[in-house]
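What follows is the residue order along each chain.
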Number of protein chains: 2
Amino acid sequence: MPLLNENYQNLEESYLFAEIARRVSKYEEAHPDQKIIRLGIGDVTKPLTKKVIEALHKAVEEQAVSETFRGYGPEKGYDFLRNAISAYYKKNGADVDPDTIFISDGAKSDTGNITDLFGKDNVVLVPDPVYPVYVDTNLMDGRKIVYMNGTAENDFLPMPDPSVKADLIYLCSPNNPTGACYSKEQLEKWVAYAKEMQAVILFDAAYEAFVSDPALPRSIFEIEGAKECAIEFCSLSKTAGFTGTRCSYTVIPKELVFPASNGAELSLHAMWNRRHSTKFNGTPYIVQRAAEAVFTEEGMAECMENIEYYRQNAKIIADVLRKKNISFTGGVNSPYIWFECPNGMESWEFFDYLLTHAQVVGTPGAGFGENGKNYFRLTAFGQHESTAEAMRRFEELF
Amino acid sequence: MPLLNENYQNLEESYLFAEIARRVSKYEEAHPDQKIIRLGIGDVTKPLTKKVIEALHKAVEEQAVSETFRGYGPEKGYDFLRNAISAYYKKNGADVDPDTIFISDGAKSDTGNITDLFGKDNVVLVPDPVYPVYVDTNLMDGRKIVYMNGTAENDFLPMPDPSVKADLIYLCSPNNPTGACYSKEQLEKWVAYAKEMQAVILFDAAYEAFVSDPALPRSIFEIEGAKECAIEFCSLSKTAGFTGTRCSYTVIPKELVFPASNGAELSLHAMWNRRHSTKFNGTPYIVQRAAEAVFTEEGMAECMENIEYYRQNAKIIADVLRKKNISFTGGVNSPYIWFECPNGMESWEFFDYLLTHAQVVGTPGAGFGENGKNYFRLTAFGQHESTAEAMRRFEELF
């Protein structure tokens, strides 16, 4: 009889968005006539851009003919895409060697699977609140987590505590769910701390494309010395609306080498390469061609147009919150707006209240950690009309 | 400083196909004028079929317009595809509930990641020779492996040994690399043994579409009682030429429930669902539509036409081996042909010999386990002309 991975018993029963979907679908069944507006799950609504669609059609045609058909691709991803990503980094002020880039099917997969490379007994620092995948995937492995408090007092941007020893440090900036974004000076402090501790920063930059303030870093690799202490995850899900198309990339510098107990030097890049080529077989060729199109000048301009559209939604949400004297973070360099639930409600209570009284779906802060339990997240990924309608209902309610 | 997963030190340095690629590319650089024929890696050469191409273009168009755009999909995959797969199973004599099917990006990912659900101290039975992912992924987790010998004596189809206790049992039929295929009676014995041991069979059916003998089972679920002891992995890579398009499916019956040490009942289906929704974000919508097209009557007929083409290659290879009195397995219900290396050569030695003397690339049996070290695999996935040319060179050489 097989022994199972009993760590799974330590997980909350249902993943956040599955629980939201369950509650919404239950409500919908009972009230089929009501129009629900979804500003909950961070899913985009704008279709793929023209350049991406063209690239997809073209790649599909290549797959239709023997002469241009592509089967298994290179294990790290096609050079054409890795070179394009490296050039994109360069434009944003970071020097990233294409050979250190791994193409994947999603930042969720890579931030989840990266734990495979590490032993059980590490001190893992995770911000609270944050994207729940970092916590869940470490719990699955039986690792203990040390939370770093993100609160209104520190603008939801926890900083290193020199008295805390750390081995692995998760950072997400712009942050999901709070929309807070670390400054260059703050990331310099994190890099200095990580180097002092010989720790590895696992930096999730999935929302970098929303950074509009040129003074804010979009990549950990804009910080000097980061290559000696950081892995970065990025995705086209929000940059280019690839939530249903699936493409991401992970940068693992070759400088990240640590001793094993027998004195051997193990490279995280080499280990991930081994994992990637053993437990993964590449992102679809047609999707890699679509991703390549995102990084062309015209392709990126189209994506920025969509992001501008979402920014206007953020403004619609922010304007109503301001009018109601509800303070919030995010919404400028991020598609997320984060605020304290009105009237002292807890976040799942507020979720149900907003669903049943205004038919608006948001994301309860409790899903992102203890410090989120009185907070709520709205996303700017809706359409103008429905976002405006949601906020009209919101305004009436309070 | 992070502690790393030191089990990675127990892996062979390089994954089989990466090592082949390395040797071939080294030879190619030294001999740029020679024409190398690749019958090594099991990659298809026929382009995607007409129905699949149509479905892809149509789905791409849907992604271009707000009204039909799809972002994040359902976590287990779209119903349209899961229903189509369930109907396909039914046609082949297996009753598989759509709700037990998980859509994924590749059988390699799922056969690799499934180990996450199990504890460390299981007795893991793995055939030797076999697809190396089962071994490597268990080594990554620090599990010990008990090998089951596949030899010429048992036609490379090891059967259960009642004196050996087992918790997890990997079976691959039609087998990669030997092409050997279990009969119904043999699989019945495996199911009986697994139920006796309360073990779980991890059944890799990636090559089921090549089974031409209607008496041979294409799914473990054609065997009575299998739902109480088996997980099945299947893929469109070989069925429909999706090696570069990426789509697979995994069936985890809800009957698979085992006690934890605290007496709680854990369901493998529920655990995989938790993993799948935490560490994966779905197969691209456009690819799921392409996969749906495979399972239409016309779509499957097109795929079978391609498979028939590959079968003719197998015949070309088999004819030459017979002529040279080299005995082999596979090639009828499988795209692989497996034979003992001529002149007592070891398999990597023969690999180099064949590469340098005939510019033909095959796969050394040693890459599939100890019992493969004097064997060699050729694949039927080439084109008629190049396969014939490769076998002409082969014939001349011996």
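Named according to an unreviewed UniProt entry, chain A is LL-diaminopimelate aminotransferase originating from Mordavella massiliensis. You can read under Cofactor (unreviewed entry) in the UniProt record for chain A the words "pyridoxal 5'-phosphate". Regarding chain A, the UniProt comment filed under Catalytic activity (unreviewed entry) reads as follows: "(2S,6S)-2,6-diaminopimelate + 2-oxoglutarate = (S)-2,3,4,5-tetrahydrodipicolinate + L-glutamate + H2O + H(+)".

Colleague: Would you explain the relation of the copies chain B and chain A in this entry?
Modeller: Two copies of one chain are present, and they are related through a rotation about an axis combined with an axial shift. At an RMSD of 0.0 Å, chain B and chain A line up after a rotation of 180° and a shift of 0.0 Å along the axis. What the rotation and shift describe, once combined, is the action of a two-fold rotation axis. If distances are taken from each C-alpha of chain B to the rotation axis, the shortest is found for B:H57, at 3.1 Å. Both copies present the same face, since 100% of the interface residues in chain B are matched by interface residues at the equivalent positions in chain A.

Colleague: Is there a simple way to explain the nonpolar core in this structure?
Modeller: Side chains of a nonpolar character, in soluble globular proteins, are inclined to be buried together. Ranked by size, the top nonpolar core spans 270 residues in total, and within it A:I169, A:F242, A:L268, B:I169, B:F242 and B:L268 carry the most contacts. Setting aside residues up to four positions removed in sequence, B:I169 forms contacts with B:L125, B:M148, B:W190, B:Y193, B:A194, B:A199, B:V200, B:I201 and B:L202.

Colleague: Is there a simple way to explain empty space enclosed by the protein in this structure?
Modeller: Gaps between atoms show up when a probe of the same size as a water molecule is rolled over them. This structure, assessed with the given rule, holds 9 cavities of 30 Å³ or more. In this model, the largest cavity occupies a volume close to 140 Å³. Around the largest cavity sit 19 residues that line it, and A:D105, A:S109, A:N113, A:F280 and B:N113 are the ones nearest its centre. When residues of the lining of the largest cavity are traced back to their parent elements, those giving at least two are helix 4 (107-113) and helix 7 (268-279) of chain A together with helix 4 (107-113) and helix 7 (268-279) of chain B. Each residue belonging to the lining of the largest cavity can be placed in one class, and the counts come to 3 nonpolar, 8 polar and 8 charged.

Colleague: I would appreciate a short explanation of the domain arrangement of chain A in the present structure.
Modeller: How big an interface is tends to be stated in terms of the accessible area lost upon association of its parts. Residue and element names in this part refer to chain A. What the domain assignment lists for chain A is domain 1 (6-48 + 298-397) and domain 2 (68-296). With centres defined by C-alpha atoms, the gap from domain 1 to domain 2 works out at 25 Å. In this complex, domain 1 contributes 35 residues to the contact, which on the side of domain 2 involves 42 residues. When the two sides are added together, the surface that domain 1 and domain 2 hide from each other amounts to roughly 3,100 Å², 61% of it contributed by carbon and sulfur. Of all residues in domain 1, the largest losses of buried area upon contact with domain 2 belong to Y15, N333 and N371, amounting jointly to 20% of the total for that side. If you look at where domain 1 meets domain 2, you find 0 salt bridges. Those elements giving two or more residues to the side of domain 1 that touches domain 2 turn out to be helix 9 (297-323), strand 11 (328-330), strand 12 (336-340) and strand 15 (375-379).

Colleague: Sorry, what's going on with the UniProt feature "modified residue: N6-(pyridoxal phosphate)lysine" (unreviewed entry) in chain A here?
Modeller: Within the UniProt annotation, "modified residue: N6-(pyridoxal phosphate)lysine" (unreviewed entry) is assigned to A:K238. Looking at where A:K238 falls in the secondary structure, it is placed in the loop between strand 7 (230-235) and strand 8 (248-251). With a relative accessible area of 6%, A:K238 lands in the buried category. Those residues within four positions of A:K238 in sequence are excluded, and the remaining contacts are A:G42, A:V44, A:A206, A:Y207, A:F210, A:T243, A:I307, A:Y336, A:F381 and B:Y72. At 3.0 Å, the side chain of A:K238 forms a polar contact with the backbone oxygen of A:G42.

Colleague: Teacher, can you tell me more about the packing of aromatic side chains here?
Modeller: All names here are of chain A. The tally for this structure, following the rule as stated, stands at 54 aromatic pairs over all chains. Ring plane angle 15° and centroid distance 4.8 Å describe the contact between Y134 and Y170, whose orientation is recorded as stacked. Note that Y134 is positioned in helix 5 (residues 133-140) and Y170 in strand 5 (residues 168-172), a separation of 36 residues in sequence. Since its relative accessible area comes to 1%, Y134 is described here as buried. Three or more aromatic residues link up through ring pairs in this structure, and these residues are Y207, F210, Y309, Y310, Y336 and F381.

Colleague: Sorry if this is basic, but what is going on with the packing of helix 2 (residues 50-63) of chain A against helix 2 (residues 50-62) of chain B here?
Modeller: For any two helices packed against each other, the geometry comes down to the angle between their axes and how far apart the axes lie. It is at 10 Å that the axes of helix 2 of chain A and helix 2 of chain B come closest, and there the two elements cross at 180°. One way to sum up the angle between helix 2 of chain A and helix 2 of chain B is to call them roughly antiparallel. Between helix 2 of chain A and helix 2 of chain B, the contacting residues are A:I53, A:L56, A:H57, A:V60, A:E61 and A:Q63 on the first element and B:I53, B:L56, B:H57, B:V60 and B:E61 on the second. Taken together, the residues that form the contact of helix 2 of chain A with helix 2 of chain B break down as 6 nonpolar, 3 polar and 2 charged.

Colleague: Would you mind showing me how to read unusual backbone geometry here?
Modeller: Of note, the bond from A:S173 into A:P174 is cis; its omega dihedral lies within 30 degrees of zero at -5°. Note that A:P174 resides in the loop between strand 5 and helix 6 (184-197). Geometrically, the link from B:N176 to B:P177 is a cis peptide bond, its omega value of 20° lying close to zero. Relative to the helices and strands, B:P177 is located in the loop between strand 5 (168-172) and helix 6 (184-197). Located in the positive-phi region is A:N325, a residue other than glycine, with phi close to 55°. Mapped onto the fold, A:N325 is located in the loop between helix 9 and strand 11.

About the criteria used
Residue indices begin from 1 for each chain and proceed along its sequence in written order. All chains are assigned letters beginning with A, and all ligands numbers beginning with 1, in the order in which they are written. In view of the model being predicted, local features appear only for residues whose pLDDT reaches at least 70, and side-chain atom pairs are presented and counted only at 80 or more, with totals across whole chains, interfaces and linings using the full set of residues. Neither water nor hydrogens contribute to the side-chain values; these are computed over all heavy atoms in the structure. UniProt positions are given in the numbering used here, feature names are shortened, and annotations may be inferred rather than shown by experiment. Alignment of the copies relies on least squares applied to C-alpha atoms, considering only residues that score at least 70 for pLDDT in both. Whether two residues are in contact is decided by their heavy atoms, any of which lying within 4.5 Å being enough. Nonpolar core, defined: a set of buried Ala, Val, Leu, Ile, Met, Phe, Trp, Tyr and Cys residues in which side-chain atoms within 4.5 Å join the residues together. Each residue's exposure class comes from its accessible area (1.4 Å probe, protein chains only) as a fraction of the maximum for that residue type: buried when under 20%, exposed when over 50%, partly exposed otherwise. Site definitions follow a grid-based scheme: protein atoms alone, a 1 Å grid, a 1.4 Å probe that fits but cannot get out for cavities, and for pockets an open set with protein on both sides within 12 Å along at least five of seven lines, plus lining residues having an atom within 4 Å of a point. Grid points are joined across faces, edges and corners, and a volume is the space filled by probe spheres set on the points. Segments assigned H or I by DSSP are reported as helices when at least four residues long, segments assigned E as strands when at least two residues long, and all are numbered from the N terminus. All residues other than Ala, Val, Leu, Ile, Met, Phe, Trp, Tyr, Cys, Pro, Asp, Glu, Lys and Arg, Gly among them, are scored as polar; the first ten of these are nonpolar and the last four charged. Each domain's limits were defined by an automated method or a database of domain assignments. Once two parts are joined, some of their accessible surface, as seen by a 1.4 Å probe, is lost; buried area is that loss totalled over both. Definition used for salt bridges: Asp or Glu carboxyl oxygen within 4 Å of a side-chain nitrogen of Lys or Arg. Two N or O atoms form a polar contact when they lie within 3.5 Å of each other; inside protein one atom must be a possible hydrogen donor and the other a possible acceptor, and for residues adjacent in sequence the pair counts only when both atoms belong to side chains. Think of it this way: a Phe, Tyr or Trp ring, Trp meaning its six-membered ring, pairs with another when their centres are within 6.5 Å, and the plane angle makes it stacked under 30 degrees, edge-to-face over 60, tilted otherwise. Convention adopted: a line fitted to C-alpha atoms gives each axis, helices being fitted over their contacting stretch, and angles between N-to-C directions are expressed from 0 to 180 degrees. Convention used here: angles under 35 degrees read as roughly parallel, angles over 145 as roughly antiparallel, angles from 65 to 115 as roughly perpendicular, and any remaining angle as oblique.

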